[in-house]
Amino acid sequence: MTDVTMTINGRAVSGAVEGRTLLSTFLRETAGLTGTHIGCDTAQCGACTVHVNGASMKSCTVFAQEADGAEVTTIEGMANADGSLNTIQQAFQDHHGLQCGFCTPGMVMTAAALLKENPKPSETEVRDYLKGNLCRCTGYHNIVKAIMAASGQDVSAIAAE
Amino acid sequence: MYDFELTRPTSLADAIKALGEEDAQPLSGGQTLVPTLRQRLAMPSTLVSLTGIEELKGIKNEGGTLTIGGATCHADVARDGTYPALSELAGLIGDPHVRNRGTIGGSIANNDPSACYPAAALGSGATIVTNNREVAADDFFTGMFETALDEGEIVTGVKFPVPEKAAYVKFEQPASRFALVGVFVSKGADGVRVAVTGASEGGVFRWSEAEDALSSNFSPDALDGLSVPADGMIGDMHGSPAYRAHLVGVLTKRAVAKAG
Ligand code: FES
Ligand code: FES
């Protein structure tokens with residue numbers, strides 16, 4: 001076992017891990033942050049997406065030891081300081097961007113990464129950026145709509161209601 | 001996943017030493033290797049993580065040659081833009097999360113028969129730099145998932161001569177995001193190169209008939225009537241050998257048109 005420490009949503013978290021302990025496991029089991037979901041565990045679905053030093057990554061493909069010393073942001077770090085939903089989260093609620101909600105933490109983290117890089121993406125750019133995130137419920141239209149709305153753009157003409 | 005030790009050296013010298021241990025295996029961005037371990041398809045006793053080694057990261061442009069450190073992620077290459085065709089190729093690999101983590105060295109060393117970077121390296125006449133030698137791309141890719149790398153040897157960088165014209169066209173397999181077929185063409189000081197990925201059972205290859213035709217006339221028309229044989233092409237649920245052979249011709253024309 002090796003000791004690792006990382007800053008998760010501004011809080012330092014330490015724990016002893018095996019070589020094979022994934023960042024996703026560390027977040028859920030050591031830090032107790034179960035908002036990061038594990039869908040496929042094989043780098044395909046994006047449900048486990050978090051930000052490591054500002055870059056979005058699938059936490060099921062990063063070992064906990066590789067994130068030693070890193071700044072990690074998870075879905076639990078997204079809400080406003082007063083606990084209310086942030087702009088992206090609120091837009092998902094307003095535009096029905098979720099149904100079962102399993103993919104949603106990954107979708108929100110991906111949307112945040114996109115809007116940081118590209119504050120006013122086109123619909124095509126949003127869809128392109130979501131390539132690594134699978135949703136089995138919504139058919140994606142309302143997710144795209146929510147992200148466009150969160151970027152402050154008019155969404156009345158986008159896809160199906 | 002089977003258990004293993006993970007070491008995280010911060011210098012190349014320490015990494016090479018750690019790789020000298022029995023059953024030690026290098027880990028770069030892990031976008032292929034970690035899922036492989038999850039499926040218990042590999043059982044190393046030690047993984048040597050290369051992503052903590054700063055000297056393996058970064059992009060340098062010197063006198064028309066772009067040198068990219070082995071542990072540089074795809075997103076950094078995509079953002080660079082010095083060699084536009086290469087940056088575009090890097091920006092189309094996988095998805096944004098994969099591009100933030102996957103590395104050029106990992107892709108080149110794995111030599112997946114459908115990966116994009118091997119086509120860029122072969123199609124640009126790049127040189128693969130390892131911890132103890134330099135190997136021309138022509139001699140590096142030796143077969144499907146096979147390279148000239150020796151045991152314990154790693155890709156520390158790739159040197160790309162930036163050509164006068166180049167373009168990559170990829171017919172994406174929508175589920176995996178790998179190339180069903182991808183073609184990289186370039187025209188530079190050393191002539192025309194056409195490298196094809198995703199198609200052959202032997203992995204990435206140069207299509208020499210197309211190179212000859214394009215050398216005298218770098219235009220899509222020069223390829224009229226040329227085709228690669230379906231024999232030896234990959235056949236799977238996504239495409240037959242004949243379909244892939246056909247795509248090679250079509251995509252090469254498109255790549256030449258795009259290179260201008
Ligand atoms: S759980 Fe990580 S990509 Fe699906
Ligand atoms: S809302 Fe159910 S998987 Fe996306």
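What you are looking at is a predicted structure, and each value in this text was computed from that prediction instead of being measured. (Residues numbered from 1 in each chain as written. Chains lettered and ligands numbered in written order. Predicted model: local features only at pLDDT ≥ 70, side-chain atom pairs only at ≥ 80, totals over all residues. Heavy atoms only, no water.)

A few words now on the overall build of chain B. Each helix and strand counted, chain B has 10 helices and 14 strands in total. By the compact-globule yardstick of 18 Å for 260 residues, chain B fits well, its C-alpha radius of gyration being 18 Å. In terms of its C-alpha atoms, chain B occupies a principal-axis envelope of roughly 55 × 45 × 30 Å. Classification of the 260 residues of chain B by burial places 55% in the buried group. Taking the contacts inside chain B whose residues are at least 6 apart along the sequence as the reference set, 58% of them involve residues at least 24 apart. As displayed, chain B offers around 10,800 Å² of accessible surface, 48% of which is attributable to carbon and sulfur atoms. Of note, chain B has its 21 positive side-chain charges centred 7 Å away from the centre of its 32 negative side-chain charges. (Helix = DSSP H or I, 4+ residues; strand = E, 2+ residues; numbered from the N terminus. Rg over C-alpha atoms; globule rule 2.2 N^0.38 Å. Buried < 20%, exposed > 50% of the residue type's maximum accessible area, 1.4 Å probe, protein only. Contact = heavy atoms within 4.5 Å. Areas by Shrake-Rupley, 256 points an atom, 1.4 Å probe, with all protein chains shown as cover. Lys, Arg positive; Asp, Glu negative; His and termini not counted. Charge placed at Lys NZ, Arg CZ, Asp CG, Glu CD.)

Residues and elements named next belong to chain B. The strand order across the open sheet formed by five strands is β4-β5-β10-β6-β7, and the pairing between neighbours is antiparallel. Edge positions in the open sheet fall to β4 (59-62) and β7 (134-136), since each of these has one partner strand only. When the angles between neighbouring strand axes are averaged without regard to direction, this sheet yields 20°. In the sheet, strand β6 (residues 127-130) pairs with β7 via three bridges, with the strands oriented antiparallel. If you follow V129 over to β7, its bridge partner there is E134. (Pairing = 2+ DSSP bridges. Axes fitted to C-alpha atoms, helices over the stretch in contact; angles between N-to-C directions.)

All names here are of chain A. With domains assigned, chain A is organised as domain 1 (2-77) and domain 2 (87-150). Taken residue by residue, the interface counts 16 residues in domain 1 and 14 residues in domain 2. Both faces combined, the contact of domain 1 with domain 2 buries some 1,100 Å², and carbon together with sulfur accounts for 61% of it. On the domain 1 side of the contact with domain 2, H37, H51 and I75 bury the most area, a combined 40% of that side's loss. Applying the counting criterion to the domain 1 and domain 2 interface returns zero salt bridges. Remark: the boundary between domain 1 and domain 2 carries six residue pairs in polar contact (both at pLDDT 80 or more). If you list the elements that add at least two residues to the side of domain 1 that touches domain 2, you get β3 (49-52) and β4 (55-58). Here the residues of the side of domain 1 that touches domain 2 are counted per class, giving four nonpolar, 11 polar and one charged. (Domains from an automatic or database assignment. Buried area = accessible area lost by both parts, 1.4 Å probe. Salt bridge = Lys/Arg side-chain N within 4 Å of Asp/Glu carboxyl O. Polar contact = N/O pair within 3.5 Å; in protein donor to acceptor, adjacent residues only side chain to side chain. Nonpolar A, V, L, I, M, F, W, Y, C, P; charged D, E, K, R; others polar.)

All names here are of chain B. Each assigned domain of chain B is listed with its residue range as follows: domain 1 (5-49), domain 2 (58-113 + 120-161) and domain 3 (165-259). On a C-alpha basis, the centres of domain 2 and domain 3 stand 19 Å from each other. Surface buried jointly by domain 2 and domain 3 totals about 1,500 Å² across both partners, of which 60% is contributed by carbon and sulfur atoms. When the buried surface of domain 2 facing domain 3 is broken down by residue, P113, L122 and G123 rank first, second and third, together holding 31% of it. Taken together, the connections running from domain 2 to domain 3 amount to three salt bridges. Between K258 and E88 there is a salt bridge; the shortest N-O distance is 2.8 Å. Scanning the region where domain 2 abuts domain 3 turns up eight residue pairs in polar contact (both at pLDDT 80 or more). Those elements that provide at least two residues to the side of domain 2 that touches domain 3 are α4 (84-91), α7 (117-124) and β8 (141-143). Considering every element that reaches the side of domain 2 that touches domain 3, the biggest residue donor is α7, with four residues. The residue inventory of the side of domain 2 that touches domain 3, partitioned by class, reads 10 nonpolar, six polar and three charged.

This next bit is on helix α1 (residues 23-30) of chain A. Residues and elements named next belong to chain A. Taken together, the buried positions of α1 are L23, S24, F26 and L27. On an axial view of α1, the arc spanned by its buried residues comes to 165°, and they lie on one face. Looking at the packing, one finds that the buried side of α1 touches β1 (2-8), β2 (11-17), β3 and β5 (71-73). Just downstream of α1 lies G32, where phi reads positive at about 70°. (Arc of directions from axis to C-beta.)

All names here are of chain B. Using the criterion set out here, one finds six aromatic pairs over all chains in the structure. Where Y83 meets F160, the ring centres are 6.1 Å apart and the plane angle is 75°; that geometry is what we call edge-to-face. Of the two residues, Y83 is situated in the loop between α3 (74-80) and α4 and F160 in strand β10 (residues 155-161); the sequence distance between them amounts to 77 residues. We classify Y83 as buried; its relative accessible area is 2%. Note on F140 and F141: the rings are 5.1 Å apart at their centroids and 85° apart in plane angle, and the pair reads as edge-to-face. F140 gets classed as buried once you look at its relative accessible area, which sits at 1%. Looking at R40, its charged tip hangs above the ring of Y2, at a distance of 4.3 Å from the centre. (Phe/Tyr/Trp six-rings, centres within 6.5 Å; stacked < 30°, edge-to-face > 60°. Lys NZ or Arg CZ within 6 Å of the ring centre and 35° of its normal.)

The tally for this structure, following the rule as stated, stands at 22 salt bridges over all chains. In this structure, R127 of chain A engages E123 of chain A in a salt bridge whose closest nitrogen and oxygen atoms are separated by 3.1 Å. One end of the pair is R127 of chain A and the other is E123 of chain A, both in helix α4 (residues 123-129) and four residues apart, which spans about a single turn. Among the residues examined, R127 of chain A registers a relative accessible area of 31% and is labelled partly exposed. Judged by relative accessible area, which is 27%, E123 of chain A ranks as partly exposed. Ionic pairing is found between K131 of chain A and D128 of chain A, a salt bridge with its closest N-O pair at 3.5 Å. On the accessibility criterion, D128 of chain A (38% relative accessible area) is partly exposed. Salt bridges sharing common partners tie together D128 and K131 of chain A together with K170, E172 and R177 of chain B.

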